[in-house]
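# Residue-level structural notes
One-letter residues, chain by chain:
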Amino acid sequence: MVECAWAASHTKNTYLSSKYKTLVVRMGAKKALIAVGHKILCAVYFILKDQVEYRELGGNWQEEERKQKRIKSLKKQLMELGESV
């Protein structure tokens, strides 16, 4: 699994490479590879269990998800302050 994670971390513009890059800053290269390997293993389990195709989220999926959560949070804060959005 670590070899698969290493290969996935060196691909371009994929979810797994993006995840590796964010994790390697916090926990180091070896632990980040283990975490990406775990992500791959979980994905394989659910793909086989649910009989669905793999869907690549893309390299910027995490950034977009964080952006949407921040927008939602800021809108909620504005509503609490009495501003209409």
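Residues numbered from 1 in each chain as written. Predicted model: local features only at pLDDT ≥ 70, side-chain atom pairs only at ≥ 80, totals over all residues. Heavy atoms only, no water.

### Overview of the packing of aromatic side chains
Taken as a whole and judged by the stated rule, the model has 2 aromatic pairs. Centroid distance tyrosine 15 to tryptophan 61: 5.8 Å. Interplanar angle 80 degrees. Geometry classified as edge-to-face. In this pair, tyrosine 15 sits in helix 2 (residues 15-27) while tryptophan 61 sits in helix 4 (residues 61-80), placing the two residues 46 residues apart along the sequence. Given the relative accessible area of 13%, tyrosine 15 is considered buried. Considering the side-chain rings of tyrosine 45 and phenylalanine 46, the 5.0 Å spacing of their centres and the 80 degrees angle between planes classify their relative orientation as edge-to-face. On the basis of relative accessibility, which here comes to 43%, the residue phenylalanine 46 falls in the partly exposed class. (Phe/Tyr/Trp six-rings, centres within 6.5 Å; stacked < 30°, edge-to-face > 60°. Helix = DSSP H or I, 4+ residues; strand = E, 2+ residues; numbered from the N terminus. Buried < 20%, exposed > 50% of the residue type's maximum accessible area, 1.4 Å probe, protein only.)

### Description of a nonpolar patch on the surface
Taken together, the side chains of Leu78, Met79, Leu81 and Val85 present a nonpolar region at the surface, about 440 Å² in accessible area. Within the secondary structure, leucine 81 is located in the segment after helix 4. (Patch = residues over 30% accessible without salt bridge, like charges linked within 9 Å, V, L, I, M, F, W, Y side chains within 5 Å. Areas by Shrake-Rupley, 256 points an atom, 1.4 Å probe, with all protein chains shown as cover. Salt bridge = Lys/Arg side-chain N within 4 Å of Asp/Glu carboxyl O.)

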